[in-house]
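In case you want the letters, here they are:
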Amino acid sequence: MNKDRILCAMVSGLCFVSSGVVAQEEATGKPTPPTAVSLLKTDEPVKIDGVLDEACWKAAEPVRMEFAYGKLGVRSEPLPAKVYYAWDHEYLYVGYETFDTTLRAAGSGEEEGAQGNSREACAIGGSNDVFEIFVSFDDPHFFWELHHNAANNFSDIWVTVAGKDWPLHRSSRAYQGIIWSPKESLDYASLETAVRPKRKKDGKPGTVNQDDDVDAGYVGELRFSWKSLGAPKEWLRGADKIDGKSIVLFAAVQDGAGTPRYHHTSPHQKITGFFHTEAAGWPRYRLVDPERDSNQ
Ligand SMILES: [Ca+2]
Ligand SMILES: [Ca+2]
């Protein structure tokens, strides 16, 4: 169990104040209904270079990472970040952009991934900014927690959340029923990640870990194979087996200089502890092939 992770959640809970919060929507407390955003299939290759200029990104409806940690349906302004999704028969693509004015990123010093094909994980906590996405195929007990930052560090952590009635919940390896497995890894031969600082007002690229300027945020672009993520086996038989299915995706952004530190994409959840134990209420998105839909 990563002490930084516990500390980070505790600190973010403690340091929350309401500055920047401009609106509040009361939610019903019922499970999150399906969101209206559909994830569109792309027929064109996506070059993972940290530039979201492919047609799929222009077509994708942005999902706003605006809900303040520890509050229910409270949006923050200015908008902290946006995330975009696309897919094809082989991959899930994730693009995101932040509007952070002070870019901070560091590696954790720990290598993750298979031997000979590993990369340095993200440092969490302190002043570091981190993008996080949780990917679940309808199972709130087992899913991926993925981190990316402006230095292109990447962490993939397999998460088990034991139900309160599971013997595993009482395990000395579990913390609040959660077991993090950072040594489990995605297939790194198919994984691609890229990041770029956005251009500042003066037209020059933003700077990471250099605070004598005003940055404009950073853009990340990520590619994960369905097989590597553990998608249902039938999805691997073709895009027509994915079209119409749904996926649970919970994205969050950490701004090391922000208050609150975390913003996320779940409008109907008041999350005051770990995101992980709230997986049953995370947003669900439908995967749609526009071409097939138009032919039906
Ligand atoms: Ca690109
Ligand atoms: Ca900077």
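Use the structure listed above.
Residues numbered from 1 in each chain as written. Chains lettered and ligands numbered in written order. Predicted model: local features only at pLDDT ≥ 70, side-chain atom pairs only at ≥ 80, totals over all residues. Heavy atoms only, no water.

Novice: Can you help me understand the overall build of the protein in this one?
Specialist: Helix and strand counts for the protein stand at five helices and 18 strands. The buried share among the 296 residues of the protein stands at 51%. Across the protein, every contact between residues at least 6 apart in sequence was considered, and the portion connecting residues at least 24 apart equals 67%. (Helix = DSSP H or I, 4+ residues; strand = E, 2+ residues; numbered from the N terminus. Buried < 20%, exposed > 50% of the residue type's maximum accessible area, 1.4 Å probe, protein only. Contact = heavy atoms within 4.5 Å.)

Novice: Got a minute to help me understand unusual backbone geometry in this structure?
Specialist: Excluding glycine, most residues fall at negative phi; most peptide bonds, likewise, are trans. Omega for the bond connecting glutamate 77 with proline 78 falls within 30 degrees of zero, at -5°, which places this linkage in the cis form. Each neighbour pair has its own omega, and for threonine 259 with proline 260 the value is 0°, a cis peptide bond. Not every positive phi belongs to a glycine, and asparagine 152 is a case in point at roughly 65°. With respect to the helices, strands and loops of the structure, asparagine 152 is situated in the loop between β11 (142–148) and β12 (154–161).

Novice: Where do I start with the coordination of the calcium ion (ligand 2) in this structure?
Specialist: Around a metal, the ideal angle is 109.5 degrees if four donors adopt a tetrahedral arrangement and 90 or 180 degrees if six donors adopt an octahedral arrangement. Looking at the metal site, the calcium ion (ligand 2) is ligated by Thr207 (O), Thr207 (OG1), Gln210 (O), Asp213 (OD), Asp215 (OD) and Asp215 (OD), spaced 2.3 to 3.1 Å from it. Here the calcium ion (ligand 2) is ringed by six donor atoms whose angles at the metal span 45 to 156°, and the overall shape comes out irregular. Considered as a linear motif, the donors of the calcium ion (ligand 2) on their single chain read T-x2-Q-x2-D-x1-D. (Donors = N, O, S within 2.8 Å, 3.2 Å for Na, K, Ca; no water. Tetrahedral: all angles 85-135°; square planar, octahedral: opposite > 155°, others 65-115°.)

Novice: Would you take a moment to explain the coordination of the calcium ion (ligand 1) for this structure?
Specialist: Every protein donor of the calcium ion (ligand 1) is accounted for by Lys47 (O), Asp49 (OD), Val51 (O), Glu54 (OE), Glu54 (OE), Glu221 (OE) and Glu221 (OE), and the metal-donor separations fall at 2.3 to 2.7 Å. Judged by relative accessible area, valine 51 falls into the partly exposed class, the value being 27%. Overall, glutamate 221 belongs to the buried group, its relative accessible area being 0%.

Novice: Honestly, the pairing of strand β8 (residues 107–112) in this entry has me stumped. Any pointers?
Specialist: In summary, the side chains of a regular strand alternate between the two faces of the sheet. Inspection of the sheet shows β8 paired to strand β9 (residues 119–122) by three bridges, in the antiparallel sense. Looking at β9, one finds that glycine 107 is bridged to cysteine 122. Connecting the antiparallel pair β8 and β9 is a turn made up of six residues, with glycine 113 showing a positive phi of about 105°. (Pairing = 2+ DSSP bridges.)

Novice: Would you mind showing me how to read the pattern of salt bridges here?
Specialist: Side chains that differ in sign of charge can pair as their charged atoms come close. A complete count under the given rule lists ten salt bridges for this structure. Note that aspartate 43 and lysine 41 form a salt bridge whose closest N and O atoms lie 2.4 Å from each other. Looking at aspartate 43, the relative accessible area reads 55%, which means it is exposed. Sharing partners across several salt bridges, the network here consists of Arg64, Glu66 and Arg75. (Salt bridge = Lys/Arg side-chain N within 4 Å of Asp/Glu carboxyl O.)

Novice: What is the right way to look at the nonpolar core in this model?
Specialist: Residues Trp226, Leu229 and Ile247 are the most contacted members of the largest nonpolar core, which totals 40 residues. One finds Trp180, Val248, Ile271 and Ala279 within the second-largest nonpolar core, a separate group that totals 17 residues. (Core = buried A, V, L, I, M, F, W, Y, C linked by side-chain atoms within 4.5 Å.)

Novice: I tried to follow the side chain of aspartate 49 on my own but got confused; where do I start?
Specialist: Mapping aspartate 49 onto the fold places it in the loop between β2 (38–41) and α2 (55–59). We note that aspartate 49 is buried and unpaired, the nearest opposite charge coming from lysine 47 at a distance of 4.4 Å. At 3.0 Å, the side chain of aspartate 49 forms a polar contact with the backbone nitrogen of valine 51. Residue contacts for aspartate 49: discarding those within four places in its chain leaves Glu54, Ala194, Arg196 and Glu221. (Lys, Arg positive; Asp, Glu negative; His and termini not counted. Polar contact = N/O pair within 3.5 Å; in protein donor to acceptor, adjacent residues only side chain to side chain.)

Novice: Where do I start with the pairing of β11 in this structure?
Specialist: In terms of burial, β11 is largely enclosed, as six of its seven residues are buried. Note: strand β10 (residues 130–136) against β11, five bridges, orientation antiparallel. Its bridge partner lying in β11, valine 135 is registered against tryptophan 144. Connecting β10 to the antiparallel partner β11 that follows it, the hairpin turn spans five residues, and aspartate 138 within it adopts a positive phi of roughly 65°. In terms of strand pairing, β11 meets β12 through seven bridges, oriented antiparallel.

Novice: Hey, could you run me through the packing of aromatic side chains in this one?
Specialist: The way to describe two aromatic rings as a pair is by their centre distance and the angle between their planes. Applying the stated criterion across every chain yields a total of 22 aromatic pairs. Ring centres of tyrosine 85 and tyrosine 285 lie 5.7 Å apart, and the angle between their planes is 45°; this geometry places the pair in the tilted category. Separated by 200 residues along the polypeptide, tyrosine 85 in strand β6 (residues 81–87) and tyrosine 285 in strand β18 (residues 284–288) bring together distant segments of the chain. With respect to burial, tyrosine 85 and tyrosine 285 carry one shared label: buried. Their ring planes at 80° and their centres at 5.2 Å tell us that tryptophan 226 and tryptophan 235 sit as a pair that is edge-to-face. Per residue, the accessibility class of tryptophan 226 equals that of tryptophan 235, and both read buried. Here the aromatic cluster, defined as three or more aromatic residues joined through ring pairs, consists of Tyr69, Phe134, Phe143, Phe250, Tyr262, Phe275 and Trp282. The ring of tyrosine 188 carries arginine 119 above its face, with NZ or CZ at 5.5 Å from the centroid. (Phe/Tyr/Trp six-rings, centres within 6.5 Å; stacked < 30°, edge-to-face > 60°. Lys NZ or Arg CZ within 6 Å of the ring centre and 35° of its normal.)

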